[in-house]
Amino acid sequence: GSLRQLDPQVTADRPLKLYCYDIGRADGAGVSSQAELLELLPELGLRVNPLYRVCDGVSDTIAFYRRMMDERADLPYETDGVVVKLNDFSLRARVGVVSRSPRWALAAKFPAAQGITRLTDIVVSVGRTGILTPVAVLETVRVHGVEISSATLHNEDEVARKGILIGDMIVIQRAGDVIPQVVRPLPEYRAGSERPFAMPTVCPECGARVVRLEGEAAHRCLNAACPARLKQSLLHFVSKSALDDDGLGVRLIDQLVDRGIVSTPADLFRLDVETLVALDRVGPTSAGKLLSSLEEAKRTTLSRFLFALGIPGVGAHVADVLA
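Not measured: the values here are computed from a predicted model.

Cut-offs and rules
Residues numbered from 1 in each chain as written. Predicted model: local features only at pLDDT ≥ 70, side-chain atom pairs only at ≥ 80, totals over all residues. Heavy atoms only, no water. Helix = DSSP H or I, 4+ residues; strand = E, 2+ residues; numbered from the N terminus. Buried < 20%, exposed > 50% of the residue type's maximum accessible area, 1.4 Å probe, protein only. Areas by Shrake-Rupley, 256 points an atom, 1.4 Å probe, with all protein chains shown as cover. Phe/Tyr/Trp six-rings, centres within 6.5 Å; stacked < 30°, edge-to-face > 60°. Lys NZ or Arg CZ within 6 Å of the ring centre and 35° of its normal. 1 Å grid on protein atoms, 1.4 Å probe; cavity = no way out; pocket = protein on both sides within 12 Å on 5 of 7 lines; lining within 4 Å. Points joined across faces, edges and corners; volume = space filled by probe spheres on them. Nonpolar A, V, L, I, M, F, W, Y, C, P; charged D, E, K, R; others polar. Patch = residues over 30% accessible without salt bridge, like charges linked within 9 Å, V, L, I, M, F, W, Y side chains within 5 Å. Salt bridge = Lys/Arg side-chain N within 4 Å of Asp/Glu carboxyl O. Disulfide = S-S within 2.5 Å.

Novice: Explain the overall build of the chain residue by residue, including any values.
Specialist: Regarding its fold elements, the chain presents 11 helices and 9 strands. In terms of overall dimensions, the chain has C-alpha extents of about 60 × 60 × 45 Å along its principal axes. The buried share of the chain, reckoned over its 323 residues, is 33%. Summing over all exposed atoms, the chain offers an accessible surface of approximately 19800 Å²; the carbon and sulfur share of this is 53%.

Structure, rendered in structure tokens:
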């Protein structure tokens, strides 16, 4: 947030500090382990966190984790755990990586901070693949420095498994100190007015029938023309890992879909200045910039384009493999 300030003076006035943990390409660095790397970085003028150690086996690693958990509250910054890495770089090459994470590193999270609040309602959101997700609407509660007013409940089975009723007092936590998560209800606070949740039988956005396919936990809207699905698909299409056009935000896409201007991703490339300036909060200058960014977005890679299409089962890694 500080780095993205439009005024560089705001950034300059904030006492930012950086810890370095890894490098990208570094020809001739001559290091063969994480420990050697953390010794080299300070020599290059790059700050490293002094709270690291090379551990001898699993029990030693767990002991270090527990020590850091005990000292967590006294640190001059927030932290949600420790990262355990294979020290030897040659061993890392042997175990390899998967699409989102290396096999040679493990995030050992600390227990999540928790709070108590009331679940006032459960609403349903519709994703780009048509999956309906129940979302808990909460009385705002502050947990570990962050105000939380909503949390995903994943699916109907999850709500039933946890025994959650609308109106319950609940325990909330930030999973990994980031994602709001409903842990459990507190039945001892029930007054008798609480009510169970049921997944709607029709899509709340388009009115199409909702189905639960055999073998799936999710309920889906199968209407490919559902406005909510289209909006999420368009946001995915221009997201950072796809065509990377940050000029198209939620509000603009809402207008384009709600007014019937865009019904497929291809329609984005048929937009013109006259159409855009007719939208709320879009002037000739911003319209011109948006069209330029869309033109730039056309020059992409095959793998990014495949990922942008949002084909079920085709994430960034599979898109690379297919390309």
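Novice: I'd like a rundown of the packing of aromatic side chains, residues and numbers included.
Specialist: Considering all chains together, one arrives at 3 aromatic pairs under this definition. Ring plane angle 40 degrees and centroid distance 5.4 Å describe the contact between Tyr65 and Phe110, whose orientation is recorded as tilted. Residue Tyr65 is found in helix 3 (residues 58–71), and its partner Phe110 is found in the loop between strand 2 (105–109) and strand 3 (114–126); the two are separated by 45 residues along the sequence. Between Arg92 and the ring centre of Trp104, over which it is positioned, the NZ or CZ distance is 4.1 Å.

Novice: I'd love a proper account of the layout of surface pockets, names of residues and values included.
Specialist: Of the voids in this model, the largest pocket is the one considered here, and its volume is about 900 Å³. Lining the largest pocket are 30 residues, with Tyr52, Phe64, Val83, Val84 and Lys85 sitting closest to its centre. Every element with two or more residues in the lining of the largest pocket is listed here: helix 2 (34–43), helix 3 and strand 1 (81–85). In the lining of the largest pocket, the residues fall into 21 nonpolar, 7 polar and 2 charged. Looking at the second largest pocket, its volume works out to about 320 Å³. As for the second largest pocket, its lining consists of 18 residues, and the residues nearest its centre are Arg128, Arg229, Ser233, Leu309 and Gly310. With 6 residues, helix 6 (residues 227–237) is the single largest residue contributor to the lining of the second largest pocket. In the lining of the second largest pocket, the residues fall into 11 nonpolar, 5 polar and 2 charged.

Novice: Requested: an account of a nonpolar patch on the surface, with residues and values cited.
Specialist: On the surface, Leu302, Phe305, Leu309 and Ile311 cluster together into a nonpolar patch covering about 350 Å² of accessible area. Turning to its location among the elements, Leu309 is positioned in the loop between helix 10 (302–308) and helix 11 (316–322).

Novice: Let's hear about the state of the cysteines: which residues, and what values?
Specialist: Enumeration over the complete set of coordinates arrives at 0 disulfides. Here Cys203 stays unpaired: no disulfide links it, and the sulfur of Cys206, its closest cysteine neighbor, is 3.7 Å away. Note on Cys203: relative accessible area 3%, which makes it buried. No disulfide involves Cys206; its sulfur sits 3.6 Å from that of Cys221, the nearest cysteine.

None of this, on its own, says anything about what the molecule does.
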